[in-house]
Each structure stands twice: as structure tokens, then as C-alpha cells.
Number of protein chains: 2
Amino acid sequence: MTNIIPPISGTDQYRVVGQGIARLDAYEKVTGKATYTTDITLPGMLFAKILRSPHPHARIININTARAEALPGVKAVLTYQNTPRVKFNAAATSTYTIPPLEAVKDQYLFDAVVRYAGDEVAAVAAINEEIARAALDLIEVEYEILPAVFDPLQALKPEAPAIHTHCTQKNVVGESLQFGLGDIEVGLAKAEVIVEATYKLPVQKQGQLETQAAVAALTGDGKLTIWSTTQTPHPTRRIIAEIFNLPLNKVRVLNPPYVGGAFGVRIGLSAKAEPIAAALALATGRPVKVVYGRWEDFIASDTRHAGYITVKLGLSKDGTFQALVMQAIMNGGAYCSWSADVPGAIGSRGLTIYRVPHSKFAGYSVYTNTSPAGACRGFGAPQPTFAVEMTVAKAAAQLGIDPVELRLKNIIKPGDSWVAPFPCLSSGLEECLTRGAAKIGWHRRKELEQFNAGSERYKRGLGVAVGNHISSAFPFQTDYSNVYLSLQPDGTIQLASGVVEMGTGTKTTLAQIAAEVLEVEVEAIAVSLADTEIVPYDVGSQASRSSYAAGLATLQAAKDLKEQILAYISAKWQLAREKLAWQKGAVFSRDDPGKRLTLKEVAADADFHNRQFATVGKNASQNALSWHAHFAEVEVDTQTGAIKVIRLVAAHDMGKAINPAIVTGQIQGGAVMGLGYTLSEEIIYDPDGRQLQDSYHKYMLPMAPDVPEIETIIVEAGEPTGPFGARGVGENAVAPVAPAIASAVWQATGIWFTELPLTPERVFRGLKRK
Amino acid sequence: MTNIIPPISGTDQYRVVGQGIARLDAYEKVTGKATYTTDITLPGMLFAKILRSPHPHARIININTARAEALPGVKAVLTYQNTPRVKFNAAATSTYTIPPLEAVKDQYLFDAVVRYAGDEVAAVAAINEEIARAALDLIEVEYEILPAVFDPLQALKPEAPAIHTHCTQKNVVGESLQFGLGDIEVGLAKAEVIVEATYKLPVQKQGQLETQAAVAALTGDGKLTIWSTTQTPHPTRRIIAEIFNLPLNKVRVLNPPYVGGAFGVRIGLSAKAEPIAAALALATGRPVKVVYGRWEDFIASDTRHAGYITVKLGLSKDGTFQALVMQAIMNGGAYCSWSADVPGAIGSRGLTIYRVPHSKFAGYSVYTNTSPAGACRGFGAPQPTFAVEMTVAKAAAQLGIDPVELRLKNIIKPGDSWVAPFPCLSSGLEECLTRGAAKIGWHRRKELEQFNAGSERYKRGLGVAVGNHISSAFPFQTDYSNVYLSLQPDGTIQLASGVVEMGTGTKTTLAQIAAEVLEVEVEAIAVSLADTEIVPYDVGSQASRSSYAAGLATLQAAKDLKEQILAYISAKWQLAREKLAWQKGAVFSRDDPGKRLTLKEVAADADFHNRQFATVGKNASQNALSWHAHFAEVEVDTQTGAIKVIRLVAAHDMGKAINPAIVTGQIQGGAVMGLGYTLSEEIIYDPDGRQLQDSYHKYMLPMAPDVPEIETIIVEAGEPTGPFGARGVGENAVAPVAPAIASAVWQATGIWFTELPLTPERVFRGLKRK
């Protein structure tokens, strides 16, 4: 069901939408008044610490908690022996993974088998952190070490250990997904040139500032209340209710109200912080706080999926794409999390960029004994974008066609058929390409060859890559939003939504949408987010959906509120609805513009007549793709292998920028994350399966000197299904960075790198091999 | 606009409604887990104490807070000099007092003039209670003592001091109200017998268990959040927003979630606990807790209105009422609170019991230098019920007509015209009278005369009194409710309302109404109350309106939810709506009853299809009167003047008892409060205007030995406007106790007492005078 929204006023001239106004949460955040889960302190609160497995794969033969329990100040010790034996999926935001496939539930709160180094073995609640930590040392665990495997290709081999017992094909998570268009054999047969390669993708961490945390309490209202860092309060509530066999309406999950960054790592549970806090609160009857240490957050939170993607592109000599084959084998880590869905996203991203008559994707995730892989900003986009775009770059080189021209020739246009179950109604990708090329000076590509010829040590290159991203989780998950909107008796407005303010500006964006419809100041709207007690169901902030999906529900709510008010005034004034108009937050008679009531006056009048206007706006099951083209200019130090990104132009079509300042921030933040993915970020496991990067000191996030000025271009192609034409933008800028840089590196060095990140060492070795 | 509700199923056989099920808050309360405002503790919280005037009327000439501010640990000291100069009415739950009359706003947070002994002079916030209390002693105040007056009749005299400057007639609060039916002169001329007397009513205290309290904090969401003991969260928010000039949507008021009794004393502000906590939180930037001591709660919280009511009843010799005149002059105390409304309620209660062709009420409240009088359970009913019913008893005696017969002859019947602006659609008063008379053995009245003749010291008597009470605040205040109802994905239901669980069982009653409509178990419904962030506007728990008004909104919400679901299933099954039926929480096809989906299945199906059912039910501007007859049997010790109430039969028609156990509890609790009003409870001011009763030790609440078994009779006359026929019942049982007992005392002693309470001293003096 696609909901086509005509422009509000038949014109693009909005009043609030399109303005880069200051964020509504700015004051609280810059003054340090904003509260996060770690700020929640309750009377009688206990503190929890978690014992983690030192082994990547082992069976617990014996566990003795008696000494820990005897330590004064310890109130509870939990293991697999005294916690619910209910299997769950810590990230499943709905009952389904690609409905109607049911979510893979392969995890217990604690289990007798540990499947990665860091897996939860026991938890302690004590009156302070010191005692809780000391108690961990008193828990005696005897392990039977099991063989472990860390690479998905290794895990598929006959000799590999089976990590779970439920798999129909050993270590394959869920179903192997296959889809495509046309007949791939026909396409490959028609192709005159075939370009093929396999790409190896690294493990990236979200690196969000606030570690995973939760406070659980049995509150006086008879509910299990959990303050949480989750991105998805309602789905998190579902998982909690399932684990503890509680009715949904007896569990409350809320943000307090801010979240210190998320990037996908808090979809569903915040690692296991919520159920561990809840189990300890249920066991002790006291509030319990769990705050993960940074190391713990690194090893026990989901990562981005590493893995292997093979791309085969068939073209005519004139550059027309004929066939595109993708195969993905991803490292799912120890538990499913999003591993059943990510391959589908990888295929969808890879096969929806270009108009190819014959395409085929096949892929799946594989269990290994590493930290679970799950959602990470860009969900299933950076991996195929790197693989497909490098292939396209190579094809352009092989055919001698300008890479920008080759793309302009083949990109999807509105109306083209593709693999997605929703239509392509708009795309500004062509404009992204042409404006981005102009901005970076794409014509200088030839000049750089002269530069390189004249420089021994430093070589330069220009590169380009394109891609797209979703605006909601549909059809991969159930996806719906409800927004509650009410006019208060003083004319101010209350808006509540189940999405989250995790730093992306959602609070401000939703207020702008409502303010635009109602023609009031943004400040007149107070936004409450992310409390299951306040708002109807919402699948939460994921899949770049907050502005689009919750934005649509906001738009619908605001329009309905407006119509309720107009109907009320129509009855009050005994004037037909069409005789009334709404302007600048006031209702007036078209025939007699002096007859006029401001929203404040309407609210007071309604209150006097015992009436309040309130509504729930809904949105469900829509999606639209946003488009982007990145251009990078690099300088490679051939003596050290160091890559310096001189310029990065990020041209993005998100339909409409509700708040261009926020959109620019999202693009820049995403591009920096893409820069890290390209150049430095990687989690490596030692031969014993232990993460070598478990802190900000060891995990190489880009630092200020590594980041060029990111030159953003906002393209607004509009989107008939989106609020004021907007689509999603939160995750978009991560994916195209790596192929843009890597193809620039190719111009500089002549090497087609197939493995990320492009660390100095890897580039240096590549240069040496050459 | 009267909303006539047909019975749900055309039958009185309900499944959940009418069952005396255990209260949903029982577990939390009996285990001590239920949380109250005093349980709220926040990090960095300060504690506040209030400096109160020792004088009943004075001007502050000089106030020096320097020494208090210098005390280590003191964070703020507030007086009239550094707090908002915004006038408010601490009890005004709407902009209006009897719309369109505007509420009388005569109070500042702190003022340079103090108007009763206990009036707020300053407040201190410090790091602990000890320091805050010590700081109070360091505040130096120089007062100019002003003349004071404590009795309303004295306050009307020319020589009396003017307590406020805004009064058009000296010391008269608001408008003098007048209303009635017919032509009173004609009525009095037609009367053959006229009975007249003036009654003096005492100051009663609500005596609720939890003292006034509030915690205010500037929360991380940028709101001023106040946990409060209020009965009316939304209206309280309005007063706070007004005082501090904040938009409504930037203020959050909530119960945490329970309130330890209220009885009217927490309508609007909880005394001034909320704005004092808020002002200190704004001044310090830290959370501030204010908890009134018991003495403070006694002297600084509203009381019931004392005063004088004169009644003149004209009758034909056959007992037919011809004319009824009432005049009320009530003691409003130092500030308006509800004093502009209470006289109207007094007149309405007095003039709506009987069918009298000619009636007239005139009344007003008068400012004095006593604690403010405001709302107290029974709001404007105990006073006129005592005055009118004693007059009727006297008339019966004078005419030699049985008091029950005289009442049966004259009581209002459905369809009769009366002074209220809503119709009388139902009344079970006749049944209350006949069943009550049978239960107490009214025929024994003659026998008691024989007992009295044979007993020197102990004399017995039987008495009766009738009355009515409202089910909402309409038309005296704006009165509307919104109830938010949603079906969760697991089939459980969330219900949210702006009314309060202050001990009256509202939580359970609303759940029963929703459960009845949806045909689910009560346990399937989780009820959230009293948080301005969660629910739309509601004028709160006052005027016995929660079950009736919020109950109607609940009923409407449940019906709408049901219809939404039926429409969904109709579309899903491609079956016309009328082919579907709803039974036991399941939807099925009438033609094929095997085709059936439980609510749990419907919820899961809707979730799968990205849909949630949610709605806001509304109710506004309705009212209906409940009816009651009380019968008392007393024994008077003529040597001591002590009255022993041997039996008390309370027959009540509340239309329909949604939960008979809760209704019985309300009747019994109200009757006990009426017993205290009749026999022992009274606040007396010494010549310096100081309360002599400022603790449970000194204020004589009835104790267990004073209370007879209260024999309740539930009469269910039904009510076309009420949910399942229900009307209000929370306040009803207070009023008829005093006249029932006092007329029994007349039979025992031959004395018509006109002043309450009937303390042994007062009875003894009466006997002595005789």
C-alpha cells in the first residue's frame, strides 16, 4: 500500500521545512543537562557486572557461584541455571525476518555453551560496582574447550565445528536468499565484456560514544520498567516480554530520553544490558543498573558483517549493462542478530543501483565464533557498494569509458523495474553525479595523470562511486509508525513518537513537519520520544526511517488535527469547511478574513467547550530509495602506503532536506564513518578468537586530521511517498566512500584493491607486489 | 450535549461489570511496593522547608534572608521579592468558575501580606532537611500586625478589615449566586406551615494519610517535571505553567503513580507544594523535594467550608412542599480556592432533592483570616443536606407525618424539573428509602419511645436523611475526559487516563469497563493514570467523576477499538461487518462460527500487516445525580452527652455498581467521614487565629470503636448517560450521615441541634439548657 502524498500547497515554498533551524535538543546537550541511561539513579539501586567467557567456543562443565554469593554486598548471581530457558534474537524488531519468515532465535540469556570470547557466562548484582566486580572473580567455571572457527568460508567446511544445532545447512544462518531479474544465463551470454572479482570486507564497529546500558526496576505501578539505550523501545519491550514471559503491557521500555549514538548497535537489545538488568531486578526486587565498559561494549556488541562478495558484471562494448551476478557469504558471528536479513539487504543494495535486465543475487550469513554481527549504520550497503562499484570502475577502465559517463548511462531511472517490491518513483542520482563531478573538478582527472607522471613519491587520483539506501525496514521487517499529536489548552502542541533521539535530530525533524502543516513555530511543539508508555507501537529508529516513516505518521497526524479543528470551527461559525482557510496558525473565513481565530484562541475556545483535539497518525509498509554519488581525491604516499584524502564531495538526494543543517550533519558523519571503513577501522581476532581491538585506543576511528572538509551537495528530487518529499538520509553516506577512494587510489597506483580497510600496510604491500 | 448510551447487549447480564473483583493495585499496595510522591528520590535532589506566618493577618515590613543564605548547604531562599508576581487560584481546575465566570485569582506564590496563621512567607532549599529547617530560623521577618477576622458574619461588618483589595463587596469572594424555580413569594404565600432555622457548620479537614508533597526537576528532556500528589494532573500543570509563564507542553505533571488519599484537598495544587518545589528547582537547577509535615498539612491545606445556612420550608398541611428558601454564608478563609463555586454547589444540592414548585437560593463565601476553605469530599453537600434535612425532619414532626412518608411524597422523580441544567433521567431514591427503612426496622420507631420512657440515662432514636450528589463537575467547571486505548501486538491492552488512583479504585473500575466491552479478562488491561505526558487532557479525579466521566471516555474508546478491529477483520475476511460477531474476546463469522480469531491472533495479524489499533475516547459536559438515604439508630448518654451510633444503614443508588466491593468501600469510607463530621471533627481557631487542631492527636477523626458496622444497600436504578448505567459514588455517603444521626438524636432527646459536630459537650449543654 503506497501512500502518495501531494505537495501540501502545490508549491515547494515551505515555511519551516527546508530551514536549517537549531536542534530542539541543542540547549540540553550543550549545557550537559540532557540525561542518558547512565544518568538514571534510583533509590536502593544495585550495580551489575558480567562474567564473560575467555574462550571462543566451550561448554561449561561446572559452575560454582557459592563464593560469589557469600561475598557481603552481593544480592544475586545469575547463570544459565537460574534464568529463563527462553530462546530469543537480541535484534529481532519483529516476529519476522523478511515476513513471513520467522526470526531466528538462537540465544539464551545465559547458556551452558559459550560461542565467542566475551559471551555472557554469569551476572552479579551488588550494592556497588567494586563488590560486583570482585564477585566475578569468585565465580568458579570449568570449561570444556571446543574447536572454534572465525572465518565464514572455514565455517562452511565439513571439518568445521557446528556452532548451533538448529541449522539445516551447517553453520548457515537462516535461509540462503536468492533473487534477481530476467535470466542471468541469457544476460551473461549477451555480454561482450565480463568483469569479475571477489571482495573481502572487514569487521567494523559502530563506535558510538555511550556504551550499552540499562536500568531495570519493578516500579510501583506493577510494571517492569527499563530505561535503556535502545534505538527501538517497542521492539525491545517485545523481546524482554518474551524472555520473562510477561504481557507486553506490563513492561515499559524508555529512553531517558537521550541515547549517546547508536548506529544500529542498539536495535532490539543494547547487547544484553536490558534483560540482564531485568533478570537481576526480578531476582532481587531492587533496581539494577548495568553499564558496559568500553572493552565490553567492543567485544559483546554486534559488529558490521565482514565477509566475501563476488561480483560478475556483463556489459556490451558500448557500456550497456547486460548482467549482474552477486554472491555474498557473510560472517554472522556467534548468534543470528540481523544475519538472516543482511544478505537480503546486500543483494537489494547491489541490484537496485543500475538498470540491468538480467541479475541474480545469492547469499547468506555463516555462524562463526566471533562477536555477533548485526546492524551497523548503512546496514548491508557498504559491502555490496564497494564490491559493485569497484567492478563498475574496473569495467569503465577496461572499456575506456569515463566512469561518470558509464554510470550516467546505466543508473536506474524512475519507472524502471528493479528487484524491490516498491516502485522507484524518483531519483536525483543523475544530478548527484553531474553536480558532484562539477564540484570536484572531474575534468582534472587527466591533469592528475600529468601530476603523477611528474611525482615520484606522491601519486594522486580521482574516484567516483554511487549507491542508494532505504528509508524504512519494509519489506524486510514489519515496519510501522504511530504518532500521537494533541493541542494543549494554551495552544501549544504535544507530539509523541516511538522513534528515538540518538543524535540524528529526529526530535527537531518531526517538529518541523508538524509545524509546517499547522503553520506554527517549531518551538510551539514539544516532542516526546521513545517511551512505550506514551506512544503506540513504532518499530523505532532504524533503517533510516525516522524522518520518513515517523515523519509520514507525523504528517498524517498534523493533517488530521488540522481537519478536526477546521470541522470544529466550521460548526462553531456555521460556515462550510471550504469557506475556511488556515494560515500562519490561524483559522479564518475566506469571505471575511477579519473573522479569525489563532490556534491559541481555538484551543481556549475548545477547552471552554470541554473539548481537546488529539489524534494518532499512522504510517505503514512504505519505502523509497535515496541516492548518492561520492567523489574523492586522494594522494598516496608510495613510500609508506598512506592514503591522504584531499577532498571528498558527497552529493546526496534524500528527496527533500527537512532540515538541511541536520541532513548535512548526517552526510558528514556518515562519510567520516565511511572514511574509517575505507582506511583504518577493523576488528581482528587473534588465533584464540580474542578481539585485538577492544578500545578507542586500539580501534582506529578517523581522527580530525584524517578527515578532509566534506563538501556536501543536497539534491532534492522529491519523493511522492515521503513527507514533503523527504526520504531517509541517516545511513546513506557510509557506503560510497570506500569505492570512491579505492578507485581514486587505483588512478594513483594502478592497483585494484579488493580488501578493506586500505591501511598503509595493505597499500604498501600492494605497491610492493606490483 | 447528553450522550444517551443504550445497554451494550440489551441485557443487564454483564460479565465483568458488576463483579467485586480484587483491585488491580492491591498487590503493590499490600506489599508496600506502590510508590508515592514521597518515594521519589533523584540524584542531587535538594530538600525544601517553608517558613510560615505566625500571624493571621500582617504585612511584611522587612525580610532579611542573608543569614539563611549564608548557611552552608543552603542553595536558595525564596520570598515574595524573588518569585513570580503572578496571581493564581491554587484550586482552579479550569480558566473558569461556573463558565463563563473567570476563576478568582487572589494568591501569589509568596506575598508581602500574610492572611492566615500558616501562610507562606519564604522557602528554603538545602542539601538536607536539617539544614533547610535550620535556615528557616535564620530568616528575619518584621511584621506589621493587621486586624484579623475569623468568622464570615464578622467579616461582613463595616469595621472588619478588608482581607483582599479586589472584592467588589467587602470580603465577599467572587459573585453572590442566586437561583431557583418559580416565584418564591407565591410559594411562601401558598404554604400553610413554614419551618425555618439557621444551621452552623464546622470546619472539617480531609485528613488524608499522605501529606501534601511534590518533587520538581528540570529534566533532561527540557521540561519542568513535577511528581505530585495532585488529584488533577492536567489542571495542576495549567496553574504551574501560568505561575512560571511556561508553555503547557514544557511542563509535565504526574503521579508516581499513587496518591495517599485526597478527598478534594489535592484538586489543583497540593497546597503550594508543586510551585514551591518548581520555583526552587528553577532557582537552583537541581531537583527539589517538598514534603509537608502533618501540622503543616493541617494548617496550610484547604478545609471544608464552615458557615451558616438558613433554610425556610413552606408546606401544605398534607405535607406537600410549596416553597424552599436557602441562604448560605460560608467561610472562605484567606484565599478563594473553591469558594466561588461551593455556594452554587450548596444551593444545587439543597434544591434538587425535592420537587418544590417555588425555590430560591442565595449564597456566597466570605474571606476571613483562617486557612483557605476549598474542596472536601462531598463538595457543598454535607452543609445543605444537614440544613435542609433537619428542616424536613422538623416539618414532619410538626405535621405529625412519618419522616419517610414525607420524603417519599416530595422527592424528585425522573422527568421533574429542577434547578440543574441537565435532566433527571433516573432515580432510585424511593427504593433507597423503602429498602433502608426495612433494613433498619423503621417500624421500631414507636418501640424506641417505649424504651426511652423506661430508661433514665440512655435514650434511643431513629433518624433518616436523604440527599444526592453529582457525577461530574459540569456545569460548574469545564469537565472533560480523554482516554487512550491501544491493543498491543501480544493482544494485551493499554489504557491511559488523566484521572488519578488516589485510593478510590479508579484503576480497576476503568479496566472493568474496557474489559466488559472487549470481553477480555480485566488482567489483560494495564491502566496508566495521571501523567500529562501520556494522556490527553482530563480535568482529573474530582466531583465523583472518575468512573462516570473517565468511565464514559473509556467506554467510547473500547467501543471504537472494537469497531476498528471489526472493520479490519471485515476487510480481511471479505465479510460484511454485520456478518461478524464479537464474543469472549474473539471475532467470528456469524455464518461460520469456526472462522474465528482471538484478540491475541488479531493483534499478531495486525502487527504482521504493520498495523496497530489505537484510539482516544472522549467524554464531555454530562452530569447525573446519584441518590441516597441514610438511616441511623443512636443511643444518647444523657449524663455525658455522648452519642453512640448503634446502627447506620446507607442505601445508595449510583445507577450501577461497576465494582460492588469498591462501591461498598466508598460508601463505608464516606459514611465514616460523615460520622466524624457529625460527632467529633472540627478545626477551631484560637483568638489569635491559630488552629487548635493541627495533628491526628488533636483532630478527632473517628476511631474503630466509634464506627458501627455500616450496613450498605446498593440500589441500581441505571442511568442512561452513564457507563453501563453507572453514576458517581465516591463522595456521596458523607452528607446524609449528620441529619440522619441528628434527627435520631432529636427522637432520643427532643432537641433539634443546629450546630455540628454533636460533641458530648455540645449535647450535654443542650440537655442542660432543656
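Here is a short report on the structure shown in this document. Here the structure is a predicted model, which means the values were calculated and not measured.

1. Observations regarding the overall build of chain A
When helices and strands are tallied, chain A shows 19 helices and 26 strands. A compact globule built from 770 residues should have a C-alpha radius of gyration of about 27 Å, and chain A, at 27 Å, falls within 12% of that. By its C-alpha atoms, chain A is 85 × 75 × 45 Å across when sized along the principal axes. In chain A, of all internal contacts separated by at least 6 residues, the share reaching a separation of at least 24 is 80%. Accessible surface computed for chain A: about 24900 Å², of which carbon and sulfur atoms make up 53%. Of the side chains in chain A, 73 bear a positive and 76 a negative charge, and the two mean positions are spaced by 1 Å.

2. Structural notes on the packing of helix H11 (residues 403-410) of chain B against helix H12 (residues 429-440) of chain B
Between two packed helices, the angle of one axis relative to the other and the distance separating the axes together describe the packing. Residues and elements named next belong to chain B. Contact geometry for H11 and H12: axes closest at 10 Å, N-to-C directions at 165°. What the angle tells us is that H11 and H12 run roughly antiparallel. For the element pair H11 and H12, the recorded crossing hand is left-handed. Counting all contacts with H11, which are made through Val 404, Arg 407 and Leu 408, the residues of H12 involved are Glu 430, Leu 433 and Thr 434. Among the residues forming the contact of H11 with H12, the class breakdown is 3 nonpolar, 1 polar and 2 charged.

3. Some remarks on the packing of aromatic side chains
Residue and element names in this part refer to chain A. A full pass over the atoms with the stated rule returns 31 aromatic pairs over all chains. Seen from their ring centres, Phe 298 and Tyr 696 are 6.1 Å apart, and the 85° between their planes marks the pair as edge-to-face. You can see Phe 298 sitting in helix H8 (residues 294-300) and its partner Tyr 696 sitting in the loop between helix H17 (660-679) and strand E26 (710-715), a full 398 residues away along the chain. Residue classification places Phe 298 among the buried residues on the basis of a relative accessible area of 2%. Since its relative accessible area comes to 28%, Tyr 696 is described here as partly exposed. Every member of this aromatic cluster is reached through a ring pair, and the members are Phe 298, Tyr 696 and Tyr 699. Here Arg 85 stacks its cationic end above the ring of Tyr 108, 3.8 Å away from the centre of that ring. The ring of Tyr 677 has Arg 304 sitting right over it, with the charged end atom 5.2 Å from the ring centre.

4. A few points about the packing of helix H10 (residues 382-399) of chain A against helix H11 (residues 403-410) of chain A
All names here are of chain A. At a minimum axis separation of 9 Å, H10 and H11 run at an interaxial angle of 115°. When the axes of H10 and H11 are compared, the pair comes out roughly perpendicular. Note on packing geometry: the crossing formed by H10 with H11 is right-handed. In this structure, H10 contributes Glu 389, Val 392, Ala 393, Ala 395 and Ala 396 to the contact, and H11 contributes Pro 403, Leu 406 and Arg 407. Residues of the contact of H10 with H11, tallied by class, amount to 6 nonpolar, no polar and 2 charged.

5. With respect to the environment of B:Asp490
One can find B:Asp490 in the loop between strand E17 (480-487) and strand E18 (493-497). With 109 residues separating them in the primary sequence, B:Asp490 and B:Leu599 have C-alpha atoms 8.6 Å apart. Discounting residues that sit within four places of it in the chain, B:Asp490 has contacts with A:Pro247, A:Leu248, B:Lys600 and B:Ala603. Side-chain polar atoms of B:Asp490 contact the side chain of B:Thr492, separated by 2.6 Å.

6. Concerning the sheet that holds strand E4 (residues 113-114) of chain A
Residue and element names in this part refer to chain A. Taking strand neighbours across the sheet as the criterion, the 3 strands line up as E4-E2-E6 in an open arrangement whose pairing is antiparallel. Of all the strands in the sheet, the pair left with one neighbour each is E4 and strand E6 (140-145). Here strand E2 (residues 58-64) runs beside E4; their pairing, made up of 2 bridges, is antiparallel. What sits directly across from Arg 59, in E4, is Val 113.

7. Description of helix H9 (residues 342-351) of chain B
Residue and element names in this part refer to chain B. When you tally the buried positions in H9, you get 10 out of 10 residues, the bulk of the element. Along H9, the positions that sit buried rather than exposed are Val 342, Pro 343, Gly 344, Ala 345, Ile 346, Gly 347, Ser 348, Arg 349, Gly 350 and Leu 351. Looking at the packing, one finds that the buried side of H9 touches strand E7 (172-181), strand E13 (306-315), strand E14 (321-333), strand E15 (358-367), helix H10 (382-399) and strand E16 (458-469).

8. Things to note about the relation of the copies chain B and chain A
Copies of the same chain, two in number, are related to each other by a rotation about an axis and a translation along it. With an RMSD of 0.0 Å, the fit of chain B onto chain A corresponds to turning through 180° and sliding 0.0 Å along the axis. The transformation relating the two chain copies, once decomposed into turn and shift, fits a two-fold axis. Among all residues of chain B, the one whose C-alpha sits closest to the rotation axis is B:Ile534, at a distance of 2.2 Å. The residues that chain B uses at the interface reappear at the interface of chain A in 100% of cases, marking a shared surface.

9. Here's the deal with the pattern of salt bridges
Where side chains of opposite charge bring their charged atoms close, a pairing between them can arise. All names here are of chain B. Per the counting criterion, the structure on display carries 76 salt bridges over all chains. For Arg 407, the salt bridge identified is with Glu 389, shortest N-O distance 2.6 Å. Highlighted residues: Arg 407 in helix H11 and Glu 389 in helix H10, separated in sequence by 18 residues. On the basis of relative accessibility, which here comes to 0%, the residue Arg 407 falls in the buried class.

10. Thoughts on unusual backbone geometry
Residues and elements named next belong to chain B. With omega at -5°, the peptide bond leading from Pro 256 into Pro 257 counts as cis. Tracing the chain through its elements places Pro 257 in the loop between strand E11 (251-254) and helix H7 (273-284). Note the cis peptide between Leu 756 and Pro 757, where omega equals -10°. Here Pro 757 is to be found in the loop between helix H18 (737-749) and helix H19 (760-769).

Rules and cut-offs
- Residues numbered from 1 in each chain as written.
- Chains lettered and ligands numbered in written order.
- Predicted model: local features only at pLDDT ≥ 70, side-chain atom pairs only at ≥ 80, totals over all residues.
- Heavy atoms only, no water.
- Helix = DSSP H or I, 4+ residues; strand = E, 2+ residues; numbered from the N terminus.
- Rg over C-alpha atoms; globule rule 2.2 N^0.38 Å.
- Contact = heavy atoms within 4.5 Å.
- Areas by Shrake-Rupley, 256 points an atom, 1.4 Å probe, with all protein chains shown as cover.
- Lys, Arg positive; Asp, Glu negative; His and termini not counted.
- Charge placed at Lys NZ, Arg CZ, Asp CG, Glu CD.
- Axes fitted to C-alpha atoms, helices over the stretch in contact; angles between N-to-C directions.
- Parallel < 35°, antiparallel > 145°, perpendicular 65-115°, else oblique.
- Left-handed = near helix turned anticlockwise from the far one by under 90°.
- Nonpolar A, V, L, I, M, F, W, Y, C, P; charged D, E, K, R; others polar.
- Phe/Tyr/Trp six-rings, centres within 6.5 Å; stacked < 30°, edge-to-face > 60°.
- Buried < 20%, exposed > 50% of the residue type's maximum accessible area, 1.4 Å probe, protein only.
- Lys NZ or Arg CZ within 6 Å of the ring centre and 35° of its normal.
- Polar contact = N/O pair within 3.5 Å; in protein donor to acceptor, adjacent residues only side chain to side chain.
- Pairing = 2+ DSSP bridges.
- Least-squares fit on C-alpha atoms with pLDDT ≥ 70 in both.
- Salt bridge = Lys/Arg side-chain N within 4 Å of Asp/Glu carboxyl O.

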